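Survey of secondary and tertiary structure
Below, each chain spelled out in residue letters.
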Amino acid sequence: MIRSAGILTFFLCAIRLSGGPRDGSIEQRVDALLARMTLDEKIGQMSQSTAMNTLTDSIKQEIRQGRWGSFLNAGSPADRAEAQRIARHESRLGIPLIFGRDVIHGYRTIFPIPLGQAASWDPALIERAARTAATEASTEGIRWAFAPMVDIARDPRWGRIAESPGEDPYLAGVFGAAIVRGFQGRSLLDNSSVAACVKHFAGYGAAEAGRDYNSAWIPEILLRDVYLPPFQASLAAGAATLMTAFNTLNGVPATGNPFLLRTILRGEWKFQGTVVSDYEAVTEMVPHGYAADNRDAAREALSAGVDMEMVSAAYHDYLKSLLAAGQVTLPQIDDAVRNILRLKFRLGLFDQKIPAPAQASVTPQSRALAQQLATESAVLLKNAGNLLPLSASVHSVAVIGPLANSPIDQMGTWVMDGRPEDVQTPLAALRRMLGEARVRYAPGLKNSRSVDRSGFAAALDAARAADVVLLFLGEEQILSGEARSRAFLNLPGAQTQLVDEIAALKKPTVAIIQAGRPLTFDRTASQVGAVLWAWHPGTMGGPAIADLLFGRAVPSGKLTVTFPRTVGQVPIYYAHLNTGRPASAAELGIPMGTPAEPAGYTSKYIDVDFTPEYPFGFGLSYTTFEYSNLRLNHPELPTGGAISLSADIRNTGSRAADEVVQLYVHPVTASVAQPVRLLKGFRRISLHPGETQTVTFNVTAADLAYHDQQMHLVAEPGRYQVWIAPDSARGLEGAFTLR
Ligand code: BGC
């Protein structure tokens, strides 16, 4: 059964109008309302505040006066309902507020971090998770979610890699579109839908050296081939809004960047939705060294096309005088206000009854979904001697490590509304599954960064007394996410030492690693029999992990980001160029040669293997899959036509399991050198033992297109290598010619 298909979509021509189609009656209402608005009311709509922690009398008064168009992260459901009532019924024009919030990987029910969700390669499931988040958020009066984040991240030092779908533009686009569909549902008018906000436009993930907020230098061709496609795909799925990024892109702040916002977003992509800045990103153009002062920053942001300013008050403080001085124009302001009013009309905020304040809660359905996504996102990285799955008859297990029973760390970064009491930790789940008596728990370390070894003795005792040791290692929640860049990618604190001592006992040992980014842990991996990479798995991570460990579920996640051997290899990603001197398989390891015969002059390191620790797309299973019989329906792909590529995938083991089958291509010659492989499609399939399925991908010339030196999107004639593969480093290889 094919459960989810990566549909090959590429945008050879201008995409269809994004940000939603224009609705004539809405446009009339927008224009009619705009005609009645004062300049102050217009500027109010363009201002978003974070000040409504509680709904004070002064904020109520400001709402009556039309001072704010939107609040973020504001108040309780009751405060939001009351604020909305005041806006609708006590302000001069009755313009509703819109409440925005960071609903990043769940609202009350927390799903795996986005980097984990992406590892499921299951867009249909990701869409359902986003729908659940939308339902929960909208129950509490939130109709605008600041997600999906589709920043391509190729540097695990960057803490926000946790929030991203990883390193690949195609996959990130599929992921972003799934979230947009989930958030926005069939119609924004449905009051359980929330407007999506695709962010951070653009280049934020390319922060220099992985330091958050840092400069991004991205040649236009790379921008168009790698960093922009996920935005374009998310907008094509209908994302109603977009957030600008904090960073400079090639020296120009993204928030004052006419090339990004006017030429590309509004011009080429015809986006008609709302553009919001990131948090104080408008006034940050001053420290960037771009705007002279906040007044100048307001002018730059509006001229570039930022409709709404998040948190800082440059629009409020200066747009009036800028207009009077002729430094901005009324049409510029009116356009921005139109984009904001249109969103509010599309969401039905003007017309719907204000919902009574209510509290979202975790339900059996949301728990089941969270568990399924946590299960599918876990990646089995090592399984020597088939140590996993553990037999149900294992007499006792030792549960050790700082992450085994920490609810908050299961949830990961950006969980404003997740609650520790909703979380089922791995320890709790294992106790429930095996019974208290069979589980010996000793954390060893208080948290992931702790260097206090006073808990080691108890951990060693627990390990000695058990048949199997389960080590829950990794990074705490607060080590990943915004402003959480790391210069080292090792297991923090004294975790490695803890593993050293446990490993010396020579017990069967499994490491379950929970983290918001790829880590370097080769020493630990070599000391344990199995490694299950669980990310920060969310509310139901514990039961998902317990089921995976004991074979009630089979691992099927695959990495969407390359794991380096050492931080010194960063950036390392699968879709690199070949170079003129590629290292070869013969040079694996650390070939030094001798003074007389030095090792090859190829692109590699002399102190570490040139390959990654785990490649993009990689993940093991409890069964094995055999790929065979790659075939093409034709050796040539005619322009305007399609070619079918098929392979047979057989489950050669003894367990039913899912496999993520990946399609990669490489143009052998191109007017601009192309990556050694590029993902162009994937399928997650379920196979019974012994079952074979044929997986077919249809590829058109548009799917093969990239930008040439003149920035035209072109599908160039020539020979293309193609792989149907279990990951980016292996697979069946074929070739065809594009005529
Ligand atoms: C982040 C955004 C987020 C915003 C609002 C900023 O610091 O960069 O991603 O949506 O805050 O909380």
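Structural data are supplied above this passage.
A brief structural summary.

Rules of the game
Residues numbered from 1 in each chain as written. Predicted model: local features only at pLDDT ≥ 70, side-chain atom pairs only at ≥ 80, totals over all residues. Heavy atoms only, no water. Helix = DSSP H or I, 4+ residues; strand = E, 2+ residues; numbered from the N terminus. Rg over C-alpha atoms; globule rule 2.2 N^0.38 Å. Buried < 20%, exposed > 50% of the residue type's maximum accessible area, 1.4 Å probe, protein only. Contact = heavy atoms within 4.5 Å. Lys, Arg positive; Asp, Glu negative; His and termini not counted. Charge placed at Lys NZ, Arg CZ, Asp CG, Glu CD. Phe/Tyr/Trp six-rings, centres within 6.5 Å; stacked < 30°, edge-to-face > 60°. Lys NZ or Arg CZ within 6 Å of the ring centre and 35° of its normal. Pairing = 2+ DSSP bridges. Axes fitted to C-alpha atoms, helices over the stretch in contact; angles between N-to-C directions. Left-handed = near helix turned anticlockwise from the far one by under 90°. Nonpolar A, V, L, I, M, F, W, Y, C, P; charged D, E, K, R; others polar. 1 Å grid on protein atoms, 1.4 Å probe; cavity = no way out; pocket = protein on both sides within 12 Å on 5 of 7 lines; lining within 4 Å. Points joined across faces, edges and corners; volume = space filled by probe spheres on them. Polar contact = N/O pair within 3.5 Å; in protein donor to acceptor, adjacent residues only side chain to side chain. Near = heavy atom within 4 Å. Areas by Shrake-Rupley, 256 points an atom, 1.4 Å probe, with all protein chains shown as cover.

As a further point, take the overall build of the protein chain. When helices and strands are tallied, the protein chain shows 20 helices and 27 strands. Taking 739 residues into account, the globule formula puts the C-alpha radius of gyration at 27 Å, and the protein chain, at 26 Å, falls close to it. If one aligns the C-alpha atoms of the protein chain with their principal axes, the spans along those axes are about 75 × 65 × 50 Å. Counting all 739 residues of the protein chain, 62% fall into the buried class. For the protein chain, contacts bridging at least 24 residues in sequence account for 77% of all contacts bridging at least 6. With 69 positive and 70 negative side-chain charges, the protein chain shows a spacing of 4 Å between the two charge centroids.

This part is about the packing of aromatic side chains. To describe a pair of aromatic rings, you give the distance between the ring centres and the angle between the ring planes. Taken as a whole and assessed by the stated rule, the structure comprises 22 aromatic pairs. On the numbers, 6.0 Å between centres and 55 degrees between planes, the contact of Trp68 with Phe71 is tilted. Ring geometry for Trp121 versus Phe682: centroids 5.2 Å apart, planes at 90 degrees, classification edge-to-face. Of the two residues, Trp121 is situated in the loop between helix H5 (114-118) and helix H6 (123-139) and Phe682 in strand S22 (residues 678-687); the sequence distance between them amounts to 561 residues. For Phe682, a relative accessible area of 1% translates into the label buried. Through a chain of ring-to-ring contacts, three or more aromatic side chains come together here, namely Trp121, Tyr170, Tyr574, Phe616, Tyr664 and Phe682. The ring of Trp68 is capped by Arg67, whose NZ or CZ atom sits 3.7 Å from the centre of that ring. One residue, Arg154, lies across the ring of Tyr573, its end atom 4.1 Å from the ring centre.

Moving on, we get to the pairing of strand S17 (residues 530-533). Remark: a regular strand shows side chains that alternate across the two faces of the sheet. Burial along S17 is two-sided: Ala530 and Leu532 facing one way and Val531 and Trp533 facing the other are all buried. Strand direction decides the pairing type here: strand S12 (residues 379-383) and S17, joined by four bridges, are antiparallel. The partner of Leu380 across the bridge, within S17, is Leu532. Looking at chain direction, strand S16 (residues 509-514) and S17 are connected through four bridges and run parallel. Its bridge partner being in S17, Val510 is matched across the sheet by Ala530.

What follows deals with helix H9 (residues 229-236). Within H9, eight of the eight residues are buried, which leaves the element mostly enclosed by the surrounding structure. Where the residues of H9 are buried, they touch helix H7 (169-184), strand S6 (195-201), helix H8 (220-227), strand S7 (241-244) and helix H10 (258-268). Directly after H9, the chain includes Gly238, whose backbone phi takes a positive value near 105 degrees.

It is the contact of helix H17 (residues 456-465) with helix H18 (residues 495-503), at a shortest axis distance of 10 Å, that shows an interaxial angle of 35 degrees. In the packing of H17 onto H18, the handedness of the crossing is right-handed. The segment H17 lies against H18, with Phe456, Ala459, Leu460 and Ala463 engaging Gln497, Leu498, Glu501 and Ile502. Residues that form the contact of H17 with H18 fall into these classes: six nonpolar, one polar and one charged.

Before going further, it helps to spend a moment on empty space enclosed by the protein. Enumeration according to the criterion identifies four cavities of 30 Å³ or more in this entry. Here the largest cavity defines a volume of roughly 250 Å³. Gln84, Gly141, Arg143, Ile354 and Pro355 are the residues nearest the centre of the largest cavity, which is lined by 21 residues in total. At the level of secondary structure, the elements contributing two or more residues to the lining of the largest cavity comprise helix H4 (77-90), strand S4 (98-101) and H6. The dominant element in the lining of the largest cavity, judged by the number of residues it contributes, is H4, at five residues. Residues that form the lining of the largest cavity fall into these classes: ten nonpolar, six polar and five charged. For the second largest cavity, the calculated volume is near 110 Å³. Lining the second largest cavity are 14 residues, with Gln45, Ile63, Gly66, Ser91 and Ile95 positioned closest to its centre. Of the residues belonging to the lining of the second largest cavity, the class tally is six nonpolar, five polar and three charged.

Where H6 contacts H7, the two axes come as close as 7 Å, and the packing angle between them is 35 degrees. For the pair H6 and H7, the crossing hand works out as right-handed. Seen from H6, the contacting residues are Pro123, Ile126, Glu127, Ala130, Arg131, Ala133 and Ala134; seen from H7, they are Val174, Phe175, Ala178, Ile179, Arg181, Gly182, Phe183 and Gln184. Of the residues contributing to the contact of H6 with H7, the split by class is ten nonpolar, two polar and three charged.

Attention now moves to the side chain of Ser277. Counting through the fold element by element, Ser277 comes out in the loop between strand S10 (274-276) and helix H11 (294-304). Reaching out from Ser277, the side chain makes a polar contact with the backbone nitrogen of Met310 at a distance of 2.9 Å. Residues contacting Ser277, with those up to four places away along its chain left out, are Met243, Thr244, Thr255, Val282, Val306, Met308, Glu309 and Met310.

Let us now look at the site of the ligand. In the vicinity of the ligand, 14 residues are found, and the nearest of them are Asp102, Arg160, Lys199, His200 and Asp278. Within the side chain of His200, one N or O atom sits 2.7 Å away from an oxygen atom of the ligand. Across the complex, the protein chains shield 95% of the 310 Å² of accessible surface that the ligand would expose by itself. Class assignment for the residues of the shell around the ligand results in seven nonpolar, two polar and five charged.

A separate point is the sheet that holds strand S15 (residues 468-474). Sheet strands pair by backbone hydrogen bonding; their relative direction is either parallel or antiparallel. Overall, mixed pairing links the six strands, which are arranged S12-S17-S16-S15-S13-S14 in an open sheet. Only two strands of the sheet have a single neighbouring strand rather than two, namely S12 and strand S14 (439-442). Averaged over all pairs of adjacent strands, the angle between their axes in this sheet comes to 20 degrees, without regard to strand direction. The sheet contact formed by S15 and S16 spans six bridges and is parallel. Directly across from Leu473, in S16, lies its bridge partner Ile513. Against the sheet, helix H16 (residues 426-434) touches strand S13 (397-400), S14, S15 and S16, its axis set at about 160 degrees to S14.

Attention now moves to the pairing of S22. By the criterion of burial, S22 is predominantly enclosed, with ten of the ten residues buried. In this structure, strand S21 (residues 657-667) lies alongside S22, joined through nine bridges in antiparallel fashion. Looking at the pairing, Val665 lines up with Leu678 of S22.

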